[in-house]
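Examination of the molecular architecture
Residues per chain, in single letters:
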Amino acid sequence: VQRTVHVAVRAVTVKAGAQSKGYGDADPQLTYQITSGSLVTGGVFTGALMRDAGENIGTYAIRQGTLGLGSNYALTYVGANLTVTTRAVTVTADAKTRIYGNADPPFTYQITSGSLITGDVFTGALTRDAGENVGTYAIRQGTLALGSNYALTYIGPNLTITTRAVTVTADAKTKVYGTADPPFTYQVTSGSLVTGDAFTG
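Let us look at the structure shown here. Please read all numbers here as calculations on a predicted model, not as lab measurements. In every chain, residue numbers begin from 1 and rise along the written sequence. For this predicted model, a pLDDT threshold of at least 70 governs which residues receive local features, and a threshold of 80 or more governs which side-chain atom pairs are given and counted, while totals over whole chains, interfaces and linings are taken from all residues. Note that water and hydrogens are dropped before the side-chain values are worked out from all heavy atoms of the structure.

Some words on the sheet that holds strand E9 (residues 96–99)
Quick reminder of the rule: One bridge is not enough; two strands pair if DSSP finds at least two bridges between them. Every helix listed is a DSSP run of H or I at least four residues long, and every strand listed is a run of E at least two residues long, numbered separately from the N terminus.
Read from one edge of the open sheet, four strands run E9-E14-E12-E11, paired in mixed fashion. The open sheet has two edge strands with one neighbour each: E9 and strand E11 (127–128). The pairing of E9 with strand E14 (residues 158–162) spans four bridges and is classified as parallel. Residue Thr 97 lies in a different strand from E14, and its bridge partner there is Thr 160.

Right, here's the structure in full:
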């Protein structure tokens, strides 16, 4: 009597490991674990996992890709996700000083932590608290931004408005004994007044 032996395929289940990375960083290695079944001695996986395309922040499915075990196995794949998180960048505004009556200098800043990905740029500009008199005014983030792929932290110092130097020199005067004093006059000999300002007294 001739008998036929049927060899059933061996069931193996693998589950991908969830992964995360910061925006602009390289992908981590995509990994998996056998969660049920086992390989016969000498059995090896071939191929590799892959993930959905995309580099912006968000969640991307990790797929089976080319991962396989050959015809002797019934491979079941359980997927997971790769999460791309925001990239942390800190900018610090440069402290500025100007003289009363002069125009504001350009408001500038430096990246003091983190970095930008090639091709990405800041948009918008810094602003400051209103005021033109001598004093200290906070420099604010204003519209400065980097877009949703970044977590932007802003550190702002101050604009300091300093006094304006003006020198006046009195005009020498003479009078005849017994007559009234002439008007005492003066000239601005260094510096200048801001439009709208005037001497008093």
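Right, picking up where we left off after that structure.
So, the side chain of Lys 96
Convention followed: Buried means the residue's accessible area, taken with a 1.4 Å probe over protein chains only, is under 20% of the maximum for its type, while exposed means over 50%, and partly exposed covers the values in between. When charges are counted, neither His nor the chain ends are considered; positive counts come from Lys and Arg and negative counts from Asp and Glu. Think of a salt bridge as a Lys or Arg side-chain nitrogen and an Asp or Glu carboxyl oxygen that are within 4 Å of each other. The term polar contact refers here to a pair of N or O atoms within 3.5 Å; inside protein, the definition further demands a hydrogen-donor-capable atom paired with an acceptor-capable atom, and it admits residues adjacent in sequence only when both atoms are side-chain atoms. Two residues qualify as a contact provided that any one of their heavy atoms is within 4.5 Å of a heavy atom in the partner residue.
Within the fold, Lys 96 resides in strand E9. The side chain of Lys 96 sits in the buried core without any salt bridge; Asp 94 is the nearest counter-charge, 4.9 Å away. At a separation of 3.2 Å, a polar atom in the side chain of Lys 96 contacts the side chain of Thr 108. Setting aside its immediate chain neighbours within four residues, Lys 96 contacts Pro 105, Pro 106, Phe 107, Thr 108, Ile 139, Asn 158, Leu 159 and Thr 160.

What about the pattern of salt bridges?
A side chain of one charge can pair with a side chain of the opposite charge when the charged atoms of the two come close. Taken as a whole, this structure holds twelve salt bridges when the rule is applied. Salt-bridge contacts for Glu 55 lead to Lys 21; the nearest nitrogen and oxygen are separated by 2.8 Å. Of this pair, Glu 55 sits in the loop between strand E4 (50–51) and strand E5 (58–63) while Lys 21 is found in strand E2 (residues 19–22), placing the two residues 34 residues apart along the sequence. Judged by its relative accessible area of 42%, Glu 55 is partly exposed. In this structure, Arg 98 engages Glu 132 in a salt bridge whose closest nitrogen and oxygen atoms are separated by 2.3 Å. Taken as a pair, Arg 98 in strand E9 and Glu 132 in the loop between E11 and strand E12 (135–140) lie far apart in primary sequence, 34 residues in all. Under the relative-accessibility criterion, Arg 98 is labelled buried at 5%.

Just distances and angles here, no functional claims.
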